[in-house]
Every structure is written in structure tokens, then in C-alpha cells.
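Structural features, examined
Each chain, written out:
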Amino acid sequence: MSIIEAKNITKIFGTGHTAVKAIDDVSLRVERGDIILVMGPSGSGKTTLISMLGTLMRPTGGTIWINGEDISEMPAAKLANLRLHQLGFMFQSFDLLSALTAQQNAAIPLMTVGLPKKQALKKAKELLEKLRLGDRLDNLPKNLSGGEKQRVAVARALANEPAVILADEPTANLDSKTGHEVMELLCNTACSEGRAVIIVSHDARLRDVAKRVIIIEDGRLVKEEMGNHAANCPMEHGRQKT
Ligand SMILES: Nc1ncnc2c1ncn2[C@@H]1O[C@H](COP(=O)(O)OP(=O)(O)O)[C@@H](O)[C@H]1O
Ligand SMILES: [Mg+2]
């Protein structure tokens, strides 16, 4: 079973002569271990697509299943629960809480799902160490570099062991080299743990970390290409490598 399956989804904003078809009949399956880069011109519908896949926005037409369940049928509380446990989000701005340390920021989603503070902080620490931030645990965001902040955001997105991490322009505020490094770290970590990653980006260099590259134009999925992901990751399109 696919983690996410979208079938013939469309999204129309507005009505009448001002209506905009932001997504036009897109179908897509996301499998365990997938690393999907979504590329396309500004205004082509990338944010709309990833928002719908992440349950943050409802399609106007078509169906989205997460772990086989039609999300349009789900009550709001169940949907919120799904978001909390199955999905991890990363956005362009690092949106870390400025009064909290790196470790506390990474622990937020764990406390949100009810893990006691001590355990949440312990797990956040382990994650940050894995992301090579072991010596930055007590730093406030203002005392972290852009790349370090984004790695804290990676830790936060991974914290609840989500099935899918959705990232919208996560490297937009980083220089190209740093952005590439952070995404490589995210993808290798997620992939080695059997999670899927969907990244929206303008940065063609991220083709190197992706397994699949999806091109969106005018709301339509116009083509899919292979990425250059060459890592040591044990998952290959939903199957365990032997
Ligand atoms: N909330 C909204 N209301 C009306 N139009 C919107 C809204 N969000 C996006 N759009 C329009 O939908 C199209 C796709 O937008 P978006 O998904 O943000 O594109 P991208 O992320 O590729 O730049 C654009 O024409 C945009 O103006
Ligand atoms: Mg966008």
C-alpha cells in the first residue's frame, strides 16, 4: 500500500470568472523510501499540491488516501491526529521558536503527542546528535547559523517518526551548498528509516538527493524523471534492498 495516493486531484481557488485552477487532474503515489523533488515555475501549483498531500488543504475534486484511508472521509480530530503522527513539515522560514533552545525546539512535536518532557528532550538530543548538532543543543536560534537552524527544523520534522516529510522550499533561505547538505542529511536519514520525503524546490541541484523528480506546469504534472540519488539507503521505491 502506498503511504499517500492522490487520484485525479484538482484545486480551484475562487469562483466564476476569477476562478483559478491551481491543480489540474494530478495523480501520484508516494511509497516508503521515496524521495520526491517537485519542481516547476513560480505559480505552477507546487505549494497547493504539497499542502493537499499534507492534509493542510482539501482538494476541490479527486481523492487522497493516506495509508489507504480516504482523508476526505476523516473527522477533523482524526485528521489532526494523522498530521501529528504520520506527517512532518518543513517550510521555507525555519519557524523555530526564538525563546527555546535547539533541543527544546526539536522536542516540541514529541511533547505535543504527549511524551513526558524528559523523554522528549532525550529523544530530541539523540536526533540532533544524529544531525551533527550535538554541540549546539543549548543554543537559541539567534545563535545558530542558517544551516544549523534548518537542521533543527529537520530534527523537528523527523521527531515523531512520520511516514512522510513534506518540505516546501526548505532551502530558499540558505546558500546553495548549505541547502544541499541539509537536504542530503534529511533524505539519507529519512530514507534509511523507511520514511518518504517530498521536497518542493527551485534548486535543480537537489536532483542529486532525489530519487524521483516531478515537474509541475500550470497545475499539471507534465513529467516525471529519475533523480540522481545514489546513497547508501536501504530502501528502494518501497522495497527493502537485499
Ligand atoms: N489561497 C489562494 N487563493 C487564490 N489563489 C491562490 C491561493 N493559493 C494559490 N493561489 C493561486 O494558485 C496558483 C498556484 O499557486 P502555488 O501553489 O502557490 O504555486 P507555487 O507554489 O508553484 O508557486 C497561483 O496562480 C496562485 O496565485
Ligand atoms: Mg510555493
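Quick note: structure is the one above.
Below, the structure is looked at part by part.

About the cut-offs
Sequence positions are assigned chain by chain, starting from 1 and proceeding in written order. Working convention: letters from A go to chains and numbers from 1 go to ligands, in the order in which they are written. In keeping with the model being predicted, local features are shown solely for residues with a pLDDT of at least 70 and side-chain atom pairs are shown and tallied solely at 80 or more, while totals for entire chains, interfaces and linings include all residues. For side-chain calculations, the full set of non-hydrogen atoms in the structure is used, while hydrogens and water are omitted. All axes are obtained by fitting lines to C-alpha atoms, using only the stretch in contact for helices, and the reported angles, taken between N-to-C directions, cover 0 to 180 degrees. Runs of E in the DSSP output that reach at least two residues are strands. Runs of H or I that reach at least four are helices, and both are numbered from the N terminus. When an angle is under 35 degrees it counts as roughly parallel; over 145 it counts as roughly antiparallel; between 65 and 115 it counts as roughly perpendicular; any other value is oblique. Helix crossings get a hand from a simple test, with the near helix turned counterclockwise from the far one by less than a right angle marking a left-handed crossing and a clockwise turn marking a right-handed one. By definition in these notes, contact holds between two residues if any of their heavy atoms fall within 4.5 Å. Pairing between strands is defined by DSSP: at least two bridges between them are needed. Distances are taken per atom, and a residue is near a molecule or strand as soon as one of its heavy atoms is within 4 Å of it. In protein, a polar contact requires one atom able to donate a hydrogen and another able to accept it; more generally it is a pair of N or O atoms within 3.5 Å, and residues adjacent in sequence count only if both atoms are side-chain atoms. Areas reported as accessible are Shrake-Rupley estimates using a 1.4 Å probe. Residue values count occlusion only from the protein chains shown. In this classification, Asp, Glu, Lys and Arg are treated as charged, Ala, Val, Leu, Ile, Met, Phe, Trp, Tyr, Cys and Pro as nonpolar, and every other residue, Gly included, as polar.

1. Digging into the packing of helix H5 (residues 146-158) against helix H6 (residues 176-192)
In contact at an axis separation of 10 Å, H5 and H6 are set at 20° when each is read in the N-to-C sense. In terms of orientation, H5 and H6 fall into the roughly parallel class. Handedness of the crossing formed by H5 with H6: right-handed. Counting all contacts with H5, which are made through Gly147, Gln150, Arg151, Val154 and Leu158, the residues of H6 involved are Thr178, Val182, Leu185, Leu186, Thr189 and Ala190.

2. Structural notes on the sheet that holds strand E4 (residues 61-66)
Here 4 strands make up an open sheet; going across it, the order is E2-E1-E4-E5 and the pairing antiparallel. Two strands bound the open sheet, and with one partner strand each, they are strand E2 (20-30) and strand E5 (69-70). With 5 bridges joining them, strand E1 (residues 4-13) and E4 adopt antiparallel strand pairing. Looking across to E4, one finds that threonine 10 is bridged to glycine 61. Seen against the sheet, helix H1 (residues 46-53) touches E1, E2 and E4 and runs at an angle of roughly 130° to E1.

3. Topic: the site of ligand 1
Every residue near ligand 1 is listed here: Phe13, Val20, Ala22, Pro41, Ser42, Gly43, Ser44, Gly45, Lys46, Thr47 and Thr48. With respect to ligand 1, the backbone of glycine 43 contributes an N or O atom lying 2.7 Å from an oxygen atom. Separating an oxygen atom of ligand 1 from a side-chain N or O atom of lysine 46 is a distance of 2.8 Å. Taking 560 Å² as the accessible area of ligand 1 by itself, protein coverage stands at 58%. For the shell around ligand 1, the leading source of residues is H1, giving 3 residues. Split into classes, the residues belonging to the shell around ligand 1 amount to 4 nonpolar, 6 polar and 1 charged.

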